[in-house]
There are 2 protein chains.
Amino acid sequence: MSKNAEADQVPIRSPLTRDDSVNLDIIELLFFAYRDFTSDPDQILADDGFGRAHHRVLHFVNRMPGLNVAELLEVLQITKQSLARVLKQLIDSGHIVQLHGLRDRRQRELYPTAKGRALILALASPQSRRIRAALEEAGVAERSVIERFLKAMVNPELRTQIDNLPGAASVNHRGEQEHG
Amino acid sequence: MSKNAEADQVPIRSPLTRDDSVNLDIIELLFFAYRDFTSDPDQILADDGFGRAHHRVLHFVNRMPGLNVAELLEVLQITKQSLARVLKQLIDSGHIVQLHGLRDRRQRELYPTAKGRALILALASPQSRRIRAALEEAGVAERSVIERFLKAMVNPELRTQIDNLPGAASVNHRGEQEHG
DNA sequence: CGGAATATGTCAGCCATATTGACTTATATT
DNA sequence: AATATAAGTCAATATGGCTGACATATTCCG
């Protein structure tokens, strides 16, 4: 019953192209671009026995020092059980430290150490270089074009996450305004 | 000992911003954009008990019908063992069929069925819609700007993969734009 | 022809990252 | 004092990767 018993197992020989009403070029380019983009830091991370999950945690802790666990989970959109192992390793390795919240001692504020700051800079470096090279190579005069496009790709209800990042690109959309 | 015993477990309180010599905006936007971009098809895939790995296989088989297993592995940059389970399920479910190669009967040429073609279109639809909306919302007049940038993000030695795709965007670098 | 190389498939085990659900501990709120 | 909240933890499960080893069919080559 797992097999499909229908008669029409006929192979379709025509390639799906961009003219088939869907936007395959960019779909595909996003796949390739993101794959190679994320491959840069992998070697560096492997030296510490880390993976991409560690990278993301480290990134946002560096970006918003002092954020608590709930806020981090909100940004990453994962569960606390998923975060647990990764965060524990980053703390054990001395890349991140936890402090009790001042207002609320139940909360744990997460901060990078000098080691954690150094690592995220090392990880960002090749990615940044790749982006700079791509902008130049593609002849993109205004970086904001790319920023606006990428931001517009994000689910509207999650864009506040981006806006809340310190010094984040305050890229305006057309006709969209944030709500307090 | 696994713990870092150094004295400098001092929390760094200054956020890392774009001015810290690295290109954090776009790094971050790529993370958010890709996350939401890939989330679109997940619901549809789940209906068939599939995941993103199935999506990628289905995509490239639809894009280049008749490609063989080795070629597919080359494009996806994974091992045959990783591909095996996913491909088997897509064949069992009647989304993909295999034919013996004509020149070389050892090879298996992979083709989508009508069912497979229908599914990839269903998966591409929300992604395509998202891209179209983002281009408009960001006020991107020339789609080729985005295409050039994304392509330039790909490792040079892998760009031939993109160029070999049928009807792929023949995006020139260095701003020499031409459209279909 | 016969042996080597190749394309594919498969078995087994491992790892990383995610999930859900249930429960504990410390602290805050009412 | 009771309840709610923030965080941590244990257990089980799924997905999608990986390596290594080996089987089978087919092609290539001497």
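Presented here is a report on the structure given in the accompanying data block. (Residues numbered from 1 in each chain as written. Chains lettered and ligands numbered in written order. Predicted model: local features only at pLDDT ≥ 70, side-chain atom pairs only at ≥ 80, totals over all residues. Heavy atoms only, no water.)

Overlay of chain B on chain A (RMSD 0.0 Å): rotation 180 degrees, translation along the axis 0.0 Å. Classification of the inter-copy transformation places it as that of a two-fold axis. The position closest to the rotation axis in chain B is occupied by the C-alpha of I146 of chain B, lying 3.4 Å away. A shared interface surface links the copies, since 98% of the contact residues of chain B are contact residues in chain A too. (Least-squares fit on C-alpha atoms with pLDDT ≥ 70 in both. Contact = heavy atoms within 4.5 Å.)

Of the voids in this model, the largest pocket is the one considered here, and its volume is about 960 Å³. Lining the largest pocket are 38 residues, with Y34 and R52 of chain A together with Y34, R52 and R56 of chain B sitting closest to its centre. Contributions of two or more residues to the lining of the largest pocket are made by α1 (24-39) and α3 (52-63) of chain A together with α1 (24-39), α3 (52-63) and α5 (80-92) of chain B. Within the lining of the largest pocket, the residues separate by chemical class into 20 nonpolar, ten polar and eight charged. (1 Å grid on protein atoms, 1.4 Å probe; cavity = no way out; pocket = protein on both sides within 12 Å on 5 of 7 lines; lining within 4 Å. Points joined across faces, edges and corners; volume = space filled by probe spheres on them. Helix = DSSP H or I, 4+ residues; strand = E, 2+ residues; numbered from the N terminus. Nonpolar A, V, L, I, M, F, W, Y, C, P; charged D, E, K, R; others polar.)

The next point concerns the sheet that holds strand β2 (residues 96-100) of chain B. All names here are of chain B. Reading across from one edge, β1-β3-β2 is the order of the three strands in this open sheet, with antiparallel pairing throughout. Here the strands that pair on one side only, and so sit at the sheet edges, are β1 (67-68) and β2. Pairing of β2 with strand β3 (residues 108-112) involves five bridges; the strand directions are antiparallel. Bridge pairing in β3 places V97 opposite Y111. Sheet contacts for α3: β1, β2 and β3; angle to β3, the most-contacted strand, approximately 95 degrees. (Pairing = 2+ DSSP bridges. Axes fitted to C-alpha atoms, helices over the stretch in contact; angles between N-to-C directions.)

Inspection of the entire model under this criterion finds nine aromatic pairs over all chains. Seen in terms of ring centroids, Y34 of chain A and F37 of chain A are 6.1 Å apart; in terms of plane orientation they differ by 45 degrees. Their pairing is tilted. Within this pair, Y34 of chain A and its partner F37 of chain A are both found in helix α1, separated by three residues, close to a single helical turn. Residue classification places Y34 of chain A among the buried residues on the basis of a relative accessible area of 14%. Judged by its relative accessible area of 3%, F37 of chain A falls in the buried class. On the numbers, 5.6 Å between centres and 55 degrees between planes, the contact of F60 of chain A with F31 of chain B is tilted. Placement of the pair is F60 of chain A in helix α3 and F31 of chain B in helix α1, with the two residues belonging to separate chains. What makes F60 of chain A buried here is its relative accessible area of 2%. (Phe/Tyr/Trp six-rings, centres within 6.5 Å; stacked < 30°, edge-to-face > 60°. Buried < 20%, exposed > 50% of the residue type's maximum accessible area, 1.4 Å probe, protein only.)

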